[in-house]
Amino acid sequence: MSAHSYRHNKNVLCMIMAGGQGSRLSPLTRDRAKPAVHFGGTYRIIDFVLNNFINSGVLKIKVLTQFKSDSLNKHVSAAWSLNPSMGQYVDLVPAQMRTGNAWYKGTSDAIFQNINLITDERPDLVAIFGGDHIYKMDVNQMVDFHIKHQAMLTIAAIPVPVAEADEFGIIEVDENNRMIGFAEKPKNSPKQIPGRPGWCLASMGNYLFTSKFLVRQLLEIHQSNPKAIDFGHNILPHLYPSHPVYVYDFTTNTVRGEHQKTNGYWRDVGTIDAFYEANMDICAHEPIFDLYNEAWPIRTFNWNMPPAKFSGTGTEQDLGTAVNSVISAGCVVSGGTVVNSVLSPGVAVQKEAVVEDSIIFPDVTIAPGAKIRKAIIEKGLHIPAGFEIGYNLDRDGAMFHLTESGIVVLAKDTVIKGN
């Protein structure tokens, strides 16, 4: 980390958008905000963006919350206490209706409603990032890019194949990385990257603004058009034709201690399928997302549980085993088998039970002889002895939530009667 970038970082205010409903991730978001969903065993989704800022030395962080924020509030309060007397904080900011009698209607409206946070803090730069993606990023490099190009706004973007362009906001750039066009989820012939046919630049929803410019523009735009509520739909198209808006290519970002093959990993875990695949990515024999890079620690709440334990009588039929799996603290695998799965803290897999290709949230008990395949099981559930999930999708679809790709999701408070 260069001294140059660290000097600038002292005056960056980070605002994390953590208020979305996450309806496409239902039923996991039935009782909690999307950033609070458990991920990778011990973590919550929001931990990844918080670690990116803290590992980058940005220690003034506001987390903007709205929908079903109770578990998110508890997690952030318990896991992320910095040192306020040193000007370091992770502050929760609930929607307060400061500008009228409405909740946040969109991303820019959320910042507009909290513009006092910016004017009170008086930072040089404001980083506005989403709270629901899985990735690692050294924010200093984006700050350096912003300063070097004398930008008023810099947007982080990632190359995506043309076939996926209709899922993202697609940005058109000139040869100097200045933004010259924008289309939200284009259906036909999206603009491709100069010199890279077949690829488009997709906005990651991560913005870096020069602070005074952001405040001035938000006040002007909202006064002239109160319906301008979203950065992608309303603010970007208004700004880039007449102001220096630049695009930072996330794939150029290098995180200290990372292997080359894990650089540039970014996943939007907004659907059950995407969430499932990202969890499976960390189980792989050679994972493309590395939780074990000591130079870039991924901190979270300290569960304060005993170590994971594997036990059995020693006979071949009664061995507690796990392969290509992430097993959290407090888990007890006693005579059961776990394959290619993520077990959150406090999970019990009992005698002759089998868990494969699955994600198990905290404090789940899988009773003797139960078999789980390609499933996501919510917190605190009890799977009865001998019960099978993922082997009869017609039955599972009638009883539980089933995605088109065949992932069975057991929502909170599901009661299963034994066979």
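Quantities reported herein were computed from a predicted structural model and do not represent experimental measurements. (Residues numbered from 1 in each chain as written. Predicted model: local features only at pLDDT ≥ 70, side-chain atom pairs only at ≥ 80, totals over all residues. Heavy atoms only, no water.)

Turning next to the overall build of the chain. Each helix and strand counted, the chain has 10 helices and 29 strands in total. By principal-axis analysis of the C-alpha atoms, the chain measures approximately 70 × 55 × 45 Å. A burial count over the chain gives 53% of its 419 residues as buried. The long-range fraction of contacts in the chain, counting pairs at least 24 apart against all pairs at least 6 apart in sequence, stands at 60%. When the accessible area of the chain is evaluated, it comes to approximately 18,100 Å², of which 50% is carbon and sulfur surface. (Helix = DSSP H or I, 4+ residues; strand = E, 2+ residues; numbered from the N terminus. Buried < 20%, exposed > 50% of the residue type's maximum accessible area, 1.4 Å probe, protein only. Contact = heavy atoms within 4.5 Å. Areas by Shrake-Rupley, 256 points an atom, 1.4 Å probe, with all protein chains shown as cover.)

Along an α-helix, residues three or four apart share an orientation, since each turn contains 3.6 residues. Spanning 14 residues, helix α7 (residues 211-224) covers 20 Å between terminal C-alpha atoms, matching the ideal 20 Å at 1.5 Å per step. Residues S211, F213, L214, V215, Q217, L218, I221 and H222 constitute the buried set of α7. (Expected span 1.5 Å × (residues − 1).)

Our focus in this paragraph is the pattern of salt bridges. Scanning all chains against the criterion turns up 11 salt bridges. Salt-bridge contacts for K74 lead to D70; the nearest nitrogen and oxygen are separated by 3.3 Å. Of this pair, K74 and D70 both sit in helix α3 (residues 70-79), separated by 4 residues, roughly a single helical turn. What makes K74 exposed here is its relative accessible area of 54%. (Salt bridge = Lys/Arg side-chain N within 4 Å of Asp/Glu carboxyl O.)

If you look at the biggest cluster of nonpolar residues, it comprises 43 residues, and the most contacted ones within it are F53 and I61. Sort the elements by how many residues they give to this core and helix α2 (residues 46-55) lands first, with 5 residues. Apart from residues lying up to four places away in sequence, F53 is in contact with C14, V58, I61, A127, F129 and V139. Membership of the second largest hydrophobic core comes to 37 residues, among which are I128, I171, Y207 and L236. (Core = buried A, V, L, I, M, F, W, Y, C linked by side-chain atoms within 4.5 Å.)

P27 follows S26 through a cis peptide bond whose omega is 5 degrees. Note on placement: P27 falls in the loop between β1 (12-18) and β2 (38-39). For K185, which is not glycine, the phi torsion reads 50 degrees and is therefore positive. Summarising the element assignment, K185 is placed in the loop between β10 (179-184) and β11 (199-210). Classification of K185 by relative accessible area gives partly exposed; the value is 43%. Phi at N324 is positive, roughly 45 degrees, even though this residue is not glycine. Topologically, N324 is positioned in the loop between β15 (321-323) and β16 (326-327). A relative accessible area of 38% places N324 in the partly exposed class.

When you line up the elements, P161 lands in strand β8 (residues 153-161). In this structure the C-alpha to C-alpha distance between P161 and S77, which are 84 residues apart in sequence, comes to 39 Å. Ignoring anything within four residues of it in the chain, the contact list for P161 reads G198 and W199.

This brings us to the sheet that holds β15. With respect to topology, 5 strands assemble into an open sheet ordered β15-β18-β21-β24-β27, the strand pairing being parallel. A strand with exactly one partner marks an edge of an open sheet, and here the two such strands are β15 and β27 (388-389). Relative to strand β18 (residues 337-339), β15 runs parallel, the two being bridged by 3 bridges. Bridged to V323 within β18 is V339. (Pairing = 2+ DSSP bridges.)

What follows deals with the sheet that holds strand β20 (residues 348-349). The sheet built from 5 strands is open, its strands ordered β14-β17-β20-β23-β26 with parallel pairing. Of all strands in the sheet, those bounded by a partner on one side alone are β14 (309-311) and β26 (382-383). Two strands pair when backbone bridges link them, and strand β23 (residues 365-366) and β26 are joined in this way by 2 bridges, in the parallel orientation. Across the sheet, T365 pairs through a bridge with H382, a residue of β26.

With that settled, consider the confidence of the model for the chain. On average, the chain scores 88 in pLDDT, and the residues at 70 or more come to 92%. Counting contacts from residues 1-9, a segment whose pLDDT is below 50, to residues more than four positions away or on other chains yields 18 contacts. (pLDDT = per-residue confidence, 0-100.)

Okay, the side chain of K62 next. Checked against the element boundaries, K62 lands in strand β4 (residues 60-65). Leave out the neighbours within four places in its chain, and K62 touches L13, C14, M15, I16, Y89, D91, V93 and L117.

With that out of the way, let us pick up the state of the cysteines. Scanning the model with the defined rule gives 0 disulfides in all. Its sulfur unpaired, C331 is 12 Å from the next cysteine sulfur, which belongs to C283. (Disulfide = S-S within 2.5 Å.)

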